[in-house]
Amino acid sequence: MTYDPQPQASHYVNGAYLEDDTGTPIPVIYSANGAEIARLHSATDAVIEAAITSAQAAQKDWAALSGRERGRILTDAARIMRERNHALSVLETYDTGKPLQETLVADATSAADALEYFGGMAGTLTGEHIQLGEDWVYTVREPLGICLGIGAWNYPTQIAAWKGAPALACGNAMIFKPSETTPLCALKLAEILTEAGAPAGIYNVVQGLGDVGAKLVTDPRIAKVSLTGSVPTGRRVYAAAADQMKHVTMELGGKSPLMIFDDADLNNAVGGAINANFYSSGQICSNGTRVFVQKGIKEAFLARLAERVASAKIGDPMDESVNFGPMVSENQMKIVQGFIAKGIEEGARLVAGGEQVDRDGFYLEPTIFADVTDDMTIARDEIFGPVLSVLDFDTEEEVIARANDTIFGLSAGVYTSDITRAHRVIGAVEAGACFINSYNDAPVEAPFGGHKMSGVGRENSRQAIEHYSQLKSVYVRMGDTEAPF
Ligand code: NDP
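This text gives an overview of the structure that appears in the document. (Residues numbered from 1 in each chain as written. Predicted model: local features only at pLDDT ≥ 70, side-chain atom pairs only at ≥ 80, totals over all residues. Heavy atoms only, no water.)

1. Observations concerning the layout of surface pockets
Space inside the second largest pocket adds up to approximately 230 Å³. Taken together, the elements giving at least two residues each to the lining of the second largest pocket come down to α4 (100-106), α10 (266-275) and α11 (298-310). (1 Å grid on protein atoms, 1.4 Å probe; cavity = no way out; pocket = protein on both sides within 12 Å on 5 of 7 lines; lining within 4 Å. Points joined across faces, edges and corners; volume = space filled by probe spheres on them. Helix = DSSP H or I, 4+ residues; strand = E, 2+ residues; numbered from the N terminus.)

Next comes the structure, spelled out in structure tokens:
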């Protein structure tokens, strides 16, 4: 079979590409030059209905397979993704603008990790036996039914797989709605799952704006909603899902603290701050955008950081030596420019960057602010762009209190050579995904998700199984049934 790197139509339903060009057009813009590279269509009611009915028709038989049989299909899909990593990475770069240097190692590979991990786990999913004298209870882990995945635009392949792999491993069907900004990559995952042997209808992709997501969320045939997106969208989707008591996973935004103590290895701390702010042009939910630096090393830290950031290679994301690409869209670039202007207006010191790069496409320079205070807009709101804010601090107690003074709780990091302090600080922060002398690692084996307004539920690891299955418990009486009358 020859492999076509481009998706063939807007949607993927019932095991095949599907087009309905009466839907609202969705232009796909390559953010490195502003060119329209594809034109898809938002799902019409007919497409949504076809996705739901095909998922419904397929799910029961899929759930009736053994876990090992389902798992084999997922691990086959993982193998195909790895074989096609280069083409899938190029597509991810077209979809998002992220440099190929990143997408080659962080997107299809991460999706393959999830397919492999949950594929391996599928055959191990069991209930338990609870002995109660001569009676006993057994539990059965059952799928939920049809799960809806709704994606953000920063990691379209990864998000589609982080939701799809555990859902399918548990015996569910999935309907995935990508962000309209990055609609291409999830289609390839659907195609590869079919090629690996997934029955038609088990993994459908429908395109659309928020209204398509909203229709799916409120359909009574959908049992669960897993959203990756912003807090305001999360609030709306969670409320709509609650109306029908649906299960939810909410992976939302953050404003995470990275705390750097005087005794930290300076180069590692600077490297951590770069990974926490500039990978994917800063468009990562777990980014450590509030960089608290202890006063003793502040100027040395800033000098080293500015020096290393100046060596970033900004350019054509398809050039593998480029390590800093454009923002995902003109709209996102303008939002981030608004935050940069606000930072300057509110008195933060601009140490580096701040400007749009003088070339086609939606490029913003990696930007560093110093002397940022807790009340400034850039220290409070999620920016979702390449803007690093340095705040200084004196004591451990002070930095913990300030780190926690936010509605968000997705991530936190600490750099220190004092091992007891590292654990003490991480023990005290209100955040779900934390790092000691590192930042932004997200292996599939580790639970990922937020505290506070950053979310509900966990993706990845064995924990994800809890969020894509439900338990049935069965009491078995071995003797006579006693009744009061
Ligand atoms: P949005 O919240 O704007 O959108 C997320 C998804 O929800 C999109 O597919 C969107 O569709 C859809 N949507 C919007 N409104 C509704 C609705 N009423 N009902 C159902 N679906 C709806 O987020 P962005 O795409 O702008 O992504 C950036 C955000 O995602 C940031 O806040 C970031 O922190 C967060 N994020 C969180 C991650 C995590 O794991 N915690 C990881 C990555 C990002 P459309 O875009 O087509 O309108």
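2. Some words on the sheet that holds strand β5 (residues 129-132)
In spatial order, the strands read β5-β6-β20; together these 3 strands make up an open sheet with antiparallel pairing. In this open sheet, the two strands that pair with only one neighbour each are β5 and β20 (469-476). Within the sheet, the average angular offset between the axes of one strand and its neighbour, ignoring direction, is 20°. Pairing analysis gives 8 bridges linking strand β6 (residues 135-143) to β20, with the strands arranged antiparallel. Bridge assignment links V137 to a residue of β20, and that residue is Y475. (Pairing = 2+ DSSP bridges. Axes fitted to C-alpha atoms, helices over the stretch in contact; angles between N-to-C directions.)

3. Notes on the packing of aromatic side chains
Scanning the model with the defined rule gives 8 aromatic pairs in all. With centroids separated by 5.1 Å and ring planes inclined at 85°, the aromatic side chains of Y12 and Y17 adopt a geometry described as edge-to-face. By relative accessible area, Y17 is classed as partly exposed at 23%. Judged by centre distance (5.1 Å) and plane angle (75°), the rings of W153 and F384 are edge-to-face. Residue W153 is located in the loop between β7 (146-150) and α6 (156-169), and its partner F384 is located in the loop between α13 (377-380) and β16 (387-393); the two are separated by 231 residues in the primary sequence. Given a relative accessible area of 15%, F384 falls into the buried group. Seen from the ring of Y155, K98 lies directly overhead, with NZ or CZ sitting 3.4 Å from the centre. Between K224 and the ring centre of Y468, over which it is positioned, the NZ or CZ distance is 4.4 Å. (Phe/Tyr/Trp six-rings, centres within 6.5 Å; stacked < 30°, edge-to-face > 60°. Buried < 20%, exposed > 50% of the residue type's maximum accessible area, 1.4 Å probe, protein only. Lys NZ or Arg CZ within 6 Å of the ring centre and 35° of its normal.)

4. Observations regarding the sheet that holds strand β14 (residues 349-352)
Strands sit in the order β14-β15-β16-β13-β12-β17-β18 across an open sheet of 7 strands; the sheet is mixed. Looking at the sheet topology across the chains shown, the edges are occupied by β14 and β18 (433-436). With direction set aside, neighbouring strand axes in the sheet form an average angle of 20°. Here strand β15 (residues 367-370) pairs with β16 via 3 bridges, running parallel. Within β16, the position partnered with F369 by the bridge is S389. Along the sheet face, helix α12 (residues 330-345) touches β14, β15 and β16 and points at about 25° away from the line of β15. (Contact = heavy atoms within 4.5 Å.)

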